[in-house]
Amino acid sequence: MVSLHQKILIITAPSGAGKTSITHHLMKTFPKLAFSVSATTRESRENENEGVDYYFMNIETFKQKIQQHEFAEWEMVYEGKYYGTLKSELKRIWAFDKVPVLDIDVKGAIHVQQQYPENTLSIFVEPPSVDELKIRLQARGTETEDTLRARVNKAAYEISFKDQFDEVIVNAELEVACAQASKLVADFLAS
Ligand code: 5GP
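Residues numbered from 1 in each chain as written. Predicted model: local features only at pLDDT ≥ 70, side-chain atom pairs only at ≥ 80, totals over all residues. Heavy atoms only, no water.

1. With respect to helix 6 (residues 145–159)
Point 1. Spanning 15 residues, helix 6 covers 22 Å between terminal C-alpha atoms, matching the ideal 21 Å at 1.5 Å per step.
Point 2. Taken as a whole, helix 6 has its buried residues at Leu148, Arg151, Val152, Lys154, Ala155, Glu158 and Ile159.
Point 3. Those residues of helix 6 that are buried lie in contact with strand 5 (71–78), helix 4 (106–115), strand 8 (120–126) and helix 5 (130–140). (Helix = DSSP H or I, 4+ residues; strand = E, 2+ residues; numbered from the N terminus. Expected span 1.5 Å × (residues − 1). Buried < 20%, exposed > 50% of the residue type's maximum accessible area, 1.4 Å probe, protein only. Contact = heavy atoms within 4.5 Å.)

Have a look at this one:
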């Protein structure tokens, strides 16, 4: 059973809006935070490590965990690619008295908020524009033409949900966005 004082920090945004950079900044600034490692069925990228970036698993294993109610939330974020937050991961982090940071997609973030409404701070990171987001994703160099198109289309849709979150930060300049996020998190951790 989850007790009410167990906090969760959610950072959500369309892919490429800069939420990972902001999450890294927060992790460096606040030792109380611990990154919540998600499970996923997508292939690992060259620089990624099992259990650090994700728990990589095949679809059969993932679906089994869905049936056994092992996820706090899960989503098919991209066609055929599942991502989810394991309840065991939240418990692992709470067990050493830290606050899990969930870097997850918009729908997953809404589900976590609904499930743990008491002590959750959700921050939506908004890109300055969808065009800017496309440029950032291209520069990252991890996308094919198809996945780029999918991510850009999805971003426009996701921005329409921004009002459902506790706070919205526009990431026009990373340093400014990081400072704004830090202020919100400092208040949240002190509350
Ligand atoms: P990527 O494939 O670039 O690592 O992540 C793609 C998207 O999946 C990102 O928006 C990321 O935040 C989201 N994501 C990562 N882990 C989870 C998770 O556990 N649940 C949900 N709903 N989305 C996730």
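Once the structure has been displayed, the description carries forward.
2. A closer look at the environment of phenylalanine 71
Point 1. By the element assignment, phenylalanine 71 lies in strand 5.
Point 2. Taking relative accessible area as the criterion, phenylalanine 71 reaches 8% and is therefore assigned buried.
Point 3. Residues phenylalanine 71 and valine 176, 105 residues apart in the sequence, show an inter-C-alpha distance of 34 Å.
Point 4. The residues contacting phenylalanine 71, other than those within four sequence positions of it, are Ala39, Phe62, Lys65, Ile66, Gly84, Thr85, Leu86 and Lys87.

3. What to know about the site of the ligand
Point 1. Taken together, 17 residues lie near the ligand, and Ser38, Arg42, Tyr54, Glu73 and Tyr83 sit nearest.
Point 2. Measuring from an oxygen atom of the ligand, one finds a side-chain N or O atom of tyrosine 54 at 2.5 Å.
Point 3. Within the backbone of threonine 85, an N or O atom sits 3.3 Å from an oxygen atom of the ligand.
Point 4. Against a free-state accessible area of 510 Å², the protein chains account for coverage of 94% of the ligand.
Point 5. Counting residues per element, the shell around the ligand draws most heavily on strand 5, which supplies four residues.
Point 6. Here the residues of the shell around the ligand are counted per class, giving five nonpolar, four polar and eight charged. (Near = heavy atom within 4 Å. Polar contact = N/O pair within 3.5 Å; in protein donor to acceptor, adjacent residues only side chain to side chain. Areas by Shrake-Rupley, 256 points an atom, 1.4 Å probe, with all protein chains shown as cover. Nonpolar A, V, L, I, M, F, W, Y, C, P; charged D, E, K, R; others polar.)

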